[in-house]
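This is what each chain is made of:
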Amino acid sequence: MRTSADQRTSDRIPIGNRVKVLSNGKIVAYLVAINLSLGGILLSTQPNLRVGTPCEVAIQSGSEGGTVLARGMVVRNDDGGTAVKFASALPKSAFETVVAPATASSSLLNAY
């Protein structure tokens, strides 16, 4: 079941960053992010992870060459992609590392 925009707690920012997905300390996939929010990330395809699986995502910054690591859990895995809910919201500095300032809505960054 998809989450409607009305139920979301924060805006989604479209990004195309590369993401490394790890589970149990092992790399399970290299994917592309579709969008990012304060509380999670939507990945382009389905790694072999079931809903409820804890994982880590290493999000590569397109402009600065840095990587942001976030822990979370798979909350959806279907033809629309894989959604990972973060265990805790990304810090503002981490969010700004992976999202170009011109891309991020002021309301999302003001949530900090």
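Residues numbered from 1 in each chain as written. Predicted model: local features only at pLDDT ≥ 70, side-chain atom pairs only at ≥ 80, totals over all residues. Heavy atoms only, no water.

Observations concerning the pairing of strand S5 (residues 54-60)
Formally: Per-residue accessibility, obtained with a 1.4 Å probe over protein chains only, is compared with the maximum for each type, and a residue is labelled buried under 20%, exposed over 50%, and partly exposed between these values. Numbering of helices and strands starts at the N terminus; helices are DSSP runs of H or I of at least 4 residues and strands are runs of E of at least 2. Two strands are counted as paired when DSSP detects at least two bridges linking them.
Burial of S5 is extensive: five of the seven residues sit out of reach of the surface. Both strand S2 (residues 18-23) and S5 contribute to a ladder of four bridges, which runs antiparallel. Bridging across to S5, leucine 22 finds its partner in glutamate 56. Here seven bridges tie S5 to strand S6 (residues 67-78), and the two strands are oriented antiparallel to one another. Within the sheet, the bridge partner assigned to glutamine 60 lies in S6 and is threonine 67.

Notes on the nonpolar core
Put simply, the rule is: For our purposes a nonpolar core is just a set of buried Ala, Val, Leu, Ile, Met, Phe, Trp, Tyr and Cys residues, chained together by side-chain atoms within 4.5 Å. In this description, contact between two residues means that some pair of their heavy atoms is separated by no more than 4.5 Å.
Of all hydrophobic cores here, the largest spans 25 residues; its most connected members are Val21, Leu36, Ile41, Leu43 and Val57. The dominant element in this core, judged by the number of residues it contributes, is strand S3 (residues 26-36), at four residues. Sequence-distant contacts of leucine 43, defined by excluding residues within four places in its chain, comprise Val19, Val21, Leu31, Val32, Ala33, Ile34, Val57, Gly80, Gly81, Thr82 and Val84.

Description of the environment of isoleucine 59
Counting through the fold element by element, isoleucine 59 comes out in strand S5. Isoleucine 59 has contacts with Asn17, Arg18, Val19, Leu36, Ile41, Gly66, Thr67, Val68, Phe86 and Val98, leaving out every residue within four places of it along the chain.

Some details on the side chain of asparagine 35
Relative to the elements of secondary structure, asparagine 35 occurs in strand S3. The exposure class of asparagine 35 is buried, given its relative accessible area of 16%. When near neighbours in sequence (up to four residues on either side) are disregarded, asparagine 35 contacts Arg12, Ile13, Pro14, Ile15, Ile41 and Leu42.

Some points on unusual backbone geometry
Excluding glycine, residues mostly carry a negative phi; peptide bonds, for their part, are mostly trans. Although it is not a glycine, asparagine 24 adopts a positive phi angle of roughly 55°. Here asparagine 24 falls in the exposed class, since its relative accessible area comes to 75%.

Digging into the side chain of asparagine 77
In plain terms, the rule: Here a polar contact is taken to be a pair of N or O atoms separated by no more than 3.5 Å, where protein atoms must pair a possible hydrogen donor with a possible acceptor and residues adjacent in sequence count only if both atoms sit in side chains.
Note on placement: asparagine 77 falls in strand S6. A distance of 2.5 Å separates the side chain of asparagine 77 from the backbone oxygen of leucine 49, its partner in a polar contact. A polar side-chain atom of asparagine 77 sits 3.0 Å from a polar atom in the side chain of threonine 82. Discounting residues that sit within four places of it in the chain, asparagine 77 has contacts with Gln46, Pro47, Leu49, Val51 and Thr82.

Points about the environment of glycine 25
Relative to the helices and strands, glycine 25 is located in the loop between S2 and S3. Since its relative accessible area comes to 65%, glycine 25 is described here as exposed. Counting along the chain gives 31 residues from glycine 25 to glutamate 56, while the straight-line C-alpha distance between them is 8.5 Å.

Digging into the confidence of the model for the protein
The condition is simple: The predictor attaches a confidence to each residue, called pLDDT, with possible values from 0 through 100.
For the protein, mean pLDDT is 82; residues scoring 70 or higher make up 76% of the total. Taken together, the stretch residues 1-6 has pLDDT below 50 and engages in five contacts with residues farther than four places along the chain or on a different chain.

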